[in-house]
Each structure stands twice: as structure tokens, then as C-alpha cells.
Amino acid sequence: MPQSPSPSPTAARPRRTPTPDLILGLSLIAVSLGFLAYTLGLSAQAAAWPRGVLVLLLVLAAAITVRALRSPAAPPGKRPEPVPAGGGESPAQDEAPGTEAPPADGEHGEWSRAVLRRPALTLAVVVGYVALLEIVGFLPATVLYLLGHLWFGGVRDWRILAGVVAGVVAFIQLLFVYQLSVPLPTGLLFE
Amino acid sequence: MDTTLLAEALGNLLTPQVLLAIVAGVVGGILIGALPGLSGTMGIALLVPVTFGMDPVAGIAMLTAIYAAATYGGSISAILINTPGTPAGAATALDGYQLTRQGKGAKALGVSALASTAGGLVSAFALLLLAPPLAQVSLAFSAPEYFLIAIFGLLIIGSLSAGSLLKGFVAGALGLLLATVGIDILTGYPRFTFGTTALQSGIQLVPALIGLFSLSQVLVLAEGRGTDRTGMAEGLRGRALPTLAELKRIGATILRSSGIGVFVGILPGAGGDIGSWVGYNEAKRFAKGPEKEEFGKGSIKGVAAAECANNAVTGGAMIPLLTLGIPGGSATAVILGGLLIHGLQPGGALFAESGGITYAIILGFLLANILMGIIAIAGARFFVRATRVPMSVLVPVIVALCVVGSFAVNNSLADVWVMLVAGAVGYVLRKVGVPPAPIVLGLILGAIAEKGLRQSVVMAQGDMIGYYLSRPLSVVLMALILLSLLAPVLARWLRKRIPEQEREKAAA
Amino acid sequence: MGGLGLAGAAAGGLLTGCGAASGAEGRYPQRPIQMIIAYAAGGGTDVGARILQPFLEKELGGQLQIVNRPGGGGWAGWNEIVQADPDGYTLGFVNSPNFMTGYLDPRLGREGVGPDSFTFIANQVTDYGAVAIHPDDKRFDDIGGLMAYAKKHPLIVTSTGVGSDDHYASLRLADRYKTKFDVLHNEGSSDGISDLLGRNADVVFANVGELTSHHEAGELKVVAVMKDSQERSKYLPDVPTLAEAGFGGVESWSSRGIAGPAGLDPGVVERLSAACRTAINNPEHIEQLGKQGLEVDYRAPEDYLRMIRKDDKNIRRIGEKYVWGEQARQ
């Protein structure tokens, strides 16, 4: 997997902050070079196509880097806007978000701590969940995770907590375990 | 097909057991398709043993009903929560989710249901009436053509890229790179596996897709910005059935996508995932003026194009299956197993000797598509309630389903980790403006492109260029690729020369 | 055990350990047996296993739980069999010779495992290799003509992947009879058949079960079954074996059977082997697999192990020479 650039908002200095694009370009260059090194151990036949792809990636990454260096101080209004999962949010010329319910972007601090804190926490909770299910098994981990994440999201009504947990667990049991006989992990503890 | 055969087929079809099997297949298929990670293939595979004891028409009709309905079902979660239930639903998410955000979720579901049904019906009729000649088309395709089709498909990235074309192509290249992970099928070398068994079979599409779309979406939502849901709530009251004017708008798109879908389906090795992207891209290419701008921002044409194409693939894929015994994908391969278990050998004999059964199965497939449309449109108003659930409840539930879904594909925890990494990386990439859709496209098409290119090296036995030029289909495809590469350049050049009022035509 | 006795007894249903194995001598199985399939649901091995399941459950008087663990060319699943406790509650289907490439090929870094990592219990199916050509091919119309032509002119032959039985089949034929085969790798036999029907490849190497229906329909012509004996395949009575056609000394098959981890208790093996013999030889089971063109070939543990060792020896030599050895690495 390519290493994602980990933007560090702490390193923000008043002038000449590396723009996200610069970090993106440089990380992609690093990823391509690393993978290119890996292809040295392959036979010429097996390596040819990946090398072609990596050279393409390298060229694109270099182009992004150069472009980022040429316009180092991006105007505040032109912060990179988050792309919706669909990808096709807006055509190149049209910078203004044209949807009725636009994501409140373009404000200061796309990479600020305040913005990144909740996604980072969410990710940590999810990683914890997966790590836990390897150890204690799918069902206990899912119950714990659902309770934890719901609580973290501000749900305090015990009826909702119980209802969601019971609903999800029952649904997964009925469909995945009984109908589709998916062998959900039982965990190392109870193997 | 003469009338006695038709009567026999209808007699086989219209029994309570068969009809019940088809209804069960449609309902189960929609559910399986809507859940991320569960594909129609899996549902079919696990039901094959169940069909042992059934009458062949009931058994096979149920399997094909699941196949069709699961392909549609993928669009429900794609539209409502931006989480495609199947790879074939990824293109639908582009516009479908935007519509939901605008409060038109029910409308998007209705359009998707209608388009899916239309695509499925066209493909069913193609299967019924044109199967033998169309099957011959599939044989003309081999490695060189697959390579060129994959390249053609990769050009779609140009139209998927928001903001920066450069970043779109970066995303595509990353997808191509991911596609090379795993044991190289032509030499047996493990590539980029870093010594793990889990990566030897490559990055699985479904976990990567769930991570890149669903989990990264969850992380975006977690930022807590732009969660204004008043618009969505209005969607609950909106009507699902498209108006006559809307039908008129999407009519041509549906016809075009049906054709594309059937064609893609006939090709072995290309499935609903590719069909929906090509359908989407062509719809955008043919759209004019403001409609073109609407793509990616909630165009019902986009939803119709993608959904119609992927359902048209289902009937198309059954053409080489029934006439030649060649399954085009994993779902049809499993259906082949089901046919064999019932003693039905695909081939000309299937139509000649057991025509009564075969045509009953095809008519059952037709019926399944109609039922699917009815259930889907009736259900749209219920499905859309998913968006009324508060985000704080919806997010944990989506995550749990993402985890169980990525696990269930191969019963592998490694796939769950792939999903997590894809989600985290996808989130960061989205924040720097690199869209996830081209990554998925690169992952799907990369393996086809590489395999096609390298197999054609073997097949050319020396002279590559001469070999490609000696194949008429290759030449046509190369011309198409050149044309679509040159089109934007040509359009820009024309725009400079042609007066203002002529612009729109040239751009289209 | 003392104070732990109660806890141990309570955990007995969940924990797998020596205790459970020795307890099994009395009555086996006491709980569901996990049957690992190293391929995805719906594949040939999976369907075969699901067909066998009810017959074997009846003989064992217990429950089987089929678990699909695809990935790593099958080794995601096979590793799980190898690493399981040898208590008889984790078994699986092993596909030979396809599983050999995984441990013989040094590039895959799995030198630690081999036939000795398994206890072989019963072979279920042996599907012999077969060679097919296009019925309208003007250059040759039988195996003799094909071989004579291929000695002078290179032919494109299909394979279902590096290290598959079909790959080794063409390599072994070329190795022994000096034919020129350019191998076109694909992922399944249907791709190869499609290439042959479209005249994009010259020869298909696949298995009898995959080719019979196409042969009967006249779409392609099977010219030889890759068997080193005079006995023809019952599904292709009109096709000679290689030995019959004068090309002895080469044979190829794809077999699958049930195995457990090494060191399985002999009592359990005996119990399983008896149940498998009756279940696999059940005429109804044979008939259901026969519909798929698959030949049921029950083999008892020793006989099954002999077959595996033979595969191992052949693949070791051919693989070293053509797939992963120095010569092949250019």
C-alpha cells in the first residue's frame, strides 16, 4: 500500500508552509521510487508492466510537485476541496460548489487540528475494533464497538443503544451466520 | 421459437414453485446486493446446493433472479449512503449520492429501479432472441482486444476527475499499481507482497472499494461539517416514480446503456463493474450543455446510465454461458455449475433438446426483472428512510457492516485490514483532491490491461504491431481510442475558430 | 487437573487440545468438523465438497461445516489446515498438483511445508488432463498429427495459470517429446476454451471434466486424455489415451481429496477413512459428480499419499527445469 502523506498541522509555520500538493507530490515520488526498487528482484517479464505504471506515477508526481512549487502560496480561497467519493464533483473550470448542501469547506484550516481530530479518533476506534475482534471474536467486539462508537457520537438514550446493538447483531447472525454460513472470527481467546 | 415450445416453456414457468422461487430470489438478491461486501456471486454460490432438490427451472430461475436483483441492489446503498453494495454500483454512487444530499433520494432510487429493469429486460430479450449470433461476437475478442478495451476504459478517468485532471490520473495510476500486487499469473512471481500470503492473491476489489468509498466517507462525515440533513429529510416525501418529462430525458440514455451493457456482458472477463463505468462515461459524452455540467452533481442521467448498463450486463453475460458454456464472470461461472448439476449441458443442444426448460429459464429471468422493478419502486419509499436515521447512529452501523462485509468476501481478516488501510489512505487522498473513483477503475482494469498486453505478446509470436493491425476488431478499437484522445483537443481547437453560438455542438 | 477440572470440562466444547483428541477415541465426532476449502464458494472444489457433505455427514453421524478460505493460490486455506490442532475437527480439501507449486517454488517462501505437513485421508476426485484442438483445424486432426506438427512449428497452448496441472501437462509433454509449445496463461479453463473457439490459440490443455460437454457438442475436439494406461475415460469413450496413441510416459491429473494436519490420531484417521470410503463410493454421490463430468476416484490413506508423492516428484523436476529454476528465470 502506498504510504499516505501524513500532514502534520503542528509543523505549520507562518510563511512557506509546504502545501498539501507539495506533500502529495513528494510522497508519491517516494512511493514510486520505493516500489521501483522492489521490482529489481523480479524477472524482466514480471517487472515490465509494474515498472511502466511506476514510471507513469513518477512523472505525474513530478508534475504535481513542480506545479506546487511554482505556486507555493495558494490563495486561502483555493484550498483543495475535499472530493466527494463520487469524484466528479465539479468540472475543472468551476470552482464554486454548486450543490444545495455544500460541504462547509474553503474555511480556514482544512488540515487544522480541530478538523482532523474527529476523523482521527474515529479511525482509531475502528482500528481498535478490528484489533479487538481478532482477539475476543466478532460478536463481543462488535457489541463493544457499537456501544463505544454510539456513545462517542453522543447517543445516550439506552433504548437506542440497546436497540441498535441488538438489531445489528441479530441481523448479522441471521443473514451472515445462519443464511450464508460465514465463519465469523471467534477470536484467539476462545479458539 | 415456435408456439408449442412457447407453450411448453410457459407451462414450466407458471407453476407455484417456480414463481415462489423467483420472488424469493429477487427479494434475497436485492438485500444481498445492498449490503457492502456481499455480492450476487456469493448468494448464488451458497444457494446452488439448495437447488439440488428443486426442479431445474425453479432452481436456475432463482439463481438468475438473485444475479439480476443483486446487481440492482448495489445501487440502493450507493445512492443512500454513498456505499456501493457491489463493485457494479460504484458508478451509481457518483450522482446517486449527490441526489440524496439534495433531498431527491427517492427519485434517485426510482430512476435506478426503472433503469435497472429496463436494462435487464433489454438484455433478457437479447438473450431470448439473439443469443446464438451474439455468442459468436464474444469469440472474436481475445487478449489484444481486452488490452485495448481496458485502455479505452482507463480514458474514462479523464471525465471522472474533479478539479484537477492531473490528480485524476494520479489516482488512476495508483489503482493500476494496486492491481499489480499479488502473484503474477504469467510468471508466478509474487509482486509487492512483502512476504505475506494474504497479498499473494492481490488486493481484493471489494475490500478496497468498501475502504475507499464507505470508510473514507465515514471519516469525512466525522469531520462534522456539512451534515445539514434538512434537505435529505425532504427526500422522504418526494416521489420515487420519474415524471413523464424525466422519462423523456433519460430515454435515450437507457437505450444506449442497454446496448453497452449487453455488449460488455457478452465479453468474457468484463462484468457489471466495467459495464456501468462505460455506460456512465458514454452518457456524459453524449450529454450537451448544462446537462453535461450536471454529471457528478446529481444527474438522473448518470444514475440511469450506470444502473441500466450494469443490469443489461446480466442478460448479456448469460448469452455465452447458455450458448457456449463459457461463463463471463464469477457469478455466471457459479450458475454454470448449477446448470450442470441439473444435467443441463450448455451449447446448441440446450436450446434444441431441452428448449422447454431453457426458454422457461430465460422467460423466468425476464419475469424476475419485471418483479425486481415492481419491488424496487414500491420499496423505494421505505429504503429511503435509511437517510432519516441520525448520523451518530448510522455511522457505527455502516462501519460494522463494512467490517463484516469485507470479511465475508473471502472469510479473511487480512481483507478487513486492506479495507481499513484503503479507507485511511482514501480519506487523506480525498482531502488533497485525489478522487477515489479512478483508483477503483485502475484496480479493475489494470489486471485486464496487463494480462491482455502480455498474452498478446505470446499470441503475436514475434511481430506485435503486425499482429494488432491484422485483427480488424483491434484496429477499430485503436481508432476509437485515438478518437476519444483527440476529441477534447479537437474540440478546443474548434472552439477557438467557431463562433459563439456553435460552441455547444462542438463541445458535445 | 483438580480445581481446573470443572473449567476444563466447561471449555471442552470450545477449546481444542489434546484432551479433546483423546476423548474423541470413544466417540468421534462430538462437535461439528470444520472442512476448509481453499477456493471461493462456487468453484469446482467447493461444489464437489458440498455435494459430498450430506453423504459424509450421514456416515460420520456428525456435522460438517464448510469454510471457504480462498487466497494465496490456495495457501491461505491450506496453511490453516497445516496449522490446525490435529484433533480431527479441522480438515480440508487439498488439490494436487496445484498445491505443490506453493511450497516447491522458492520464490513463494514456503519451504517449511510439504506433504509431511498433512495427514491424507481420502481422495475424492481424479480428473485427468485432456488435450483439445479446434475441429476445423487443417493442420492436424489427431494427437499424432498434432505432436508431429508441434515438433517443427511452435503452437500456442493454453494453461490455467503458472503451476497449474494444465501448465505442467504441456511442459511435461514438451519435455518428453520435444514439441514447441508457447504457453498462454489464463485464469480458468473457460478463457482458454474461448480462445480456442475463436482461433486465437491452437491447443487447449484442460481436464476431462471441463472439456466433455464441449467435445460432445462438437465445438472442439478432444484428441487425447493424458493417461499413461490403455483404459479410456468413461466420459470420453471415443478419445484415445496418450499411452494408446503412442505417447506413453506422460500423464496429468487434477485430484482433490480430504486431508488434515500432520499427526492426526490414528483412531480418528481410521474412523474418517471408513466414513469417507462409504460416502465417496455411494452411487448417488458418484452420479451427482458424474453430471459435472468428474470421475470419482476413492483412494485410501496410503494409496492417496502414494499419489501425492508421485505428483511431488514430477512437479519438483519439471518446475525446477522450466518454472522457477535458473533456466526459467531469464
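Relevant structure appears above.
Conventions adopted
- Along each chain, the written sequence defines residue order, and numbers are assigned to residues from 1.
- Chains and ligands are labelled sequentially in the order written, the chains with letters from A and the ligands with numbers from 1.
- The predicted origin of the model limits local features to residues at a pLDDT of at least 70 and limits the giving and counting of side-chain atom pairs to 80 or more, whereas totals for whole chains, interfaces and linings rest on all residues.
- No hydrogens and no water enter the side-chain calculation; it runs on all heavy atoms of the structure.
- Helix numbering and strand numbering both begin at the N terminus, where a helix is a DSSP run of H or I of at least 4 residues and a strand a DSSP run of E of at least 2.
- In this scheme, a residue with accessible area under 20% of its type's maximum is buried, one over 50% is exposed, and one in between is partly exposed, where area comes from a 1.4 Å probe on protein chains only.
- Whether two residues are in contact is decided by their heavy atoms: any pair within 4.5 Å suffices.
- Computed by Shrake-Rupley with a 1.4 Å probe, the accessible areas treat only the displayed protein chains as cover when residues are assessed.
- Note on definitions: angles span 0 to 180 degrees between N-to-C directions of axes, and those axes are lines fitted to C-alpha atoms, for helices only across the stretch in contact.
- Left-handed describes a crossing whose near helix is turned anticlockwise from the far helix by less than a right angle; the clockwise case is right-handed.
- Polar here means any residue outside two lists: the nonpolar Ala, Val, Leu, Ile, Met, Phe, Trp, Tyr, Cys and Pro, and the charged Asp, Glu, Lys and Arg; Gly therefore counts as polar.
- Throughout this description, the term nonpolar core refers to a set of buried Ala, Val, Leu, Ile, Met, Phe, Trp, Tyr and Cys residues connected via side-chain atoms within 4.5 Å.
- In this scheme Phe, Tyr and Trp rings, the latter by its six-membered ring, pair at centre separations within 6.5 Å, and the angle between planes marks the pair as stacked below 30 degrees, edge-to-face above 60, and tilted otherwise.
- Here a salt bridge means any side-chain nitrogen of Lys or Arg lying within 4 Å of a carboxyl oxygen belonging to Asp or Glu.
- Oblique is the label for every angle not falling under 35 degrees (roughly parallel), over 145 degrees (roughly antiparallel), or within 65 to 115 degrees (roughly perpendicular).
- Two parts lose some accessible area (1.4 Å probe) when they are put together, and adding that loss for both gives the buried area.
- Here a polar contact is recorded for every N or O atom pair within 3.5 Å, except that within protein the pair must consist of a potential hydrogen donor and a potential acceptor, and residues adjacent in sequence are included only if both atoms are side-chain atoms.

Novice: How would you explain the overall build of chain B if you had to name every residue and give the values?
Specialist: Counting secondary structure elements, chain B contains 24 helices and two strands. By the burial criterion, 66% of the 508 residues in chain B qualify as buried. Of the contacts formed within chain B by residues at least 6 apart in sequence, a portion of 79% connects residues at least 24 apart. Of the roughly 16100 Å² that chain B leaves accessible, carbon and sulfur atoms contribute 69%.

Novice: Give me the packing of helix α12 (residues 244-266) of chain B against helix α15 (residues 300-324) of chain B: which residues, what numbers.
Specialist: All names here are of chain B. As a packed pair, α12 and α15 sit with axes 6 Å apart at the nearest point and diverge in direction by 35°. The handedness of the crossing between α12 and α15 comes out as right-handed. Residues E246, R249, I250, T253, I254, S257, S258, G261, V262, V264, G265 and I266 of α12 form the contact with α15, whose own contacting residues are I300, K301, A304, A305, C308, A309, A312, V313, G316, A317, I319 and P320. A class-by-class count of the residues in the contact of α12 with α15 yields 15 nonpolar, six polar and three charged.

Novice: Quick one: what's the story with the nonpolar core, residue by residue and with numbers?
Specialist: Counting 155 residues, the largest nonpolar core has I44 of chain B together with L56, L91, F99, F118, L211 and I258 of chain C as the members making the most contacts within it. By residue number, the principal contributor to this core is helix α4 (residues 56-81) of chain B, which donates 15 residues. Core analysis: the second largest hydrophobic core is formed by 78 residues, L177, A437, L441 and L443 of chain B among them.

Novice: Any chance you could break down unusual backbone geometry for me, citing the residues and the numbers?
Specialist: Look at the link from Y28 of chain C to P29 of chain C: it is a cis peptide, with omega at 0°. Along the chain, P29 of chain C falls in the loop between α2 (18-24) and β1 (33-37). The omega torsion of the bond from S96 of chain C to P97 of chain C falls at 5°, within 30 degrees of zero and hence cis. Located in the positive-phi region is N82 of chain B, a residue other than glycine, with phi close to 60°. In this structure, N82 of chain B sits in the loop between α4 and α5 (90-101). Even without being a glycine, N411 of chain B presents a positive backbone phi close to 50°. Positionally, N411 of chain B belongs in the loop between α19 (391-410) and α20 (413-431).

Novice: Just give me the short version of the packing of aromatic side chains, but keep the residues and values in it.
Specialist: Residue and element names in this part refer to chain C. Overall, the coordinates contain 24 aromatic pairs over all chains when judged by the stated rule. With a centroid separation of 5.8 Å and an interplanar angle of 40°, the aromatic rings of F118 and F120 are classed as tilted. The same class applies to F118 as to F120, namely buried. Cluster of aromatic residues (ring-pair linked, three or more members): Y39, W75, W78, F99, Y103, F118, F120 and Y304.

Novice: Now, about the environment of E282 of chain B: what can you tell me, with residues and values included?
Specialist: Residues and elements named next belong to chain B. Position of E282 relative to the elements: it lies in helix α13 (residues 272-286). A sequence separation of 26 residues divides E282 from R256, and the C-alpha atoms of the two residues are 8.3 Å apart. Among all residues touching E282, those that are not within four sequence positions of it are F152, R256 and I260.

Novice: Tell me about the pattern of salt bridges, residues and numbers included.
Specialist: Under the definition given, this model contains 28 salt bridges over all chains. Ionic pairing is found between D202 of chain C and R139 of chain C, a salt bridge with its closest N-O pair at 2.8 Å. A residue pair is termed long-range when its members are at least 10 positions apart, and D202 of chain C in the loop between α8 (189-197) and β7 (203-207) and R139 of chain C in the loop between β4 (118-133) and α6 (143-152) qualify at 63 residues. When the shortest N-O distance is used, the salt bridge between D175 of chain C and R317 of chain C registers 3.2 Å. With a gap of 142 residues between them, D175 of chain C in helix α7 (residues 165-177) and R317 of chain C in helix α12 (residues 301-323) connect regions that are remote in the sequence. Looking at D175 of chain C, the relative accessible area reads 9%, which means it is buried. Under the relative-accessibility criterion, R317 of chain C is labelled partly exposed at 45%. Via salt bridges that share partners, D184, R191, E450 and R454 of chain B belong to a single interconnected network.

Novice: Please give an account of the packing of α5 of chain B against α13 of chain B that cites residues and values.
Specialist: Residues and elements named next belong to chain B. Put simply, α5 and α13 touch, their axes get as near as 7 Å, and they point 45° apart. With respect to α13, the element α5 is oriented oblique. Residues A90, A91, L94 and D95 of α5 form the contact with α13, whose own contacting residues are S276, W277 and Y280. Split by residue class, the contact of α5 with α13 holds five nonpolar, one polar and one charged.

Novice: Give me the lowdown on the interface of chain B and chain A, citing residues and values where you can.
Specialist: Each partner contributes to the interface: chain B provides 84 residues, whereas chain A provides 82 residues. Summing both sides of the interface, chain B and chain A together bury roughly 7400 Å²; the carbon and sulfur share of this comes to 76%. Connecting chain B to chain A are one salt bridge. Put simply, K167 of chain B and D21 of chain A hold a salt bridge, and the shortest N to O gap is 2.7 Å. For the pair chain B and chain A, the number of links is seven residue pairs in polar contact (both at pLDDT 80 or more). Per-element accounting of the side of chain B that touches chain A gives the leading share, 13 residues, to α20 of chain B. Classifying every residue of the side of chain B that touches chain A by side-chain character gives 56 nonpolar, 16 polar and 12 charged.

Honestly, it's all geometry; don't read function into it.
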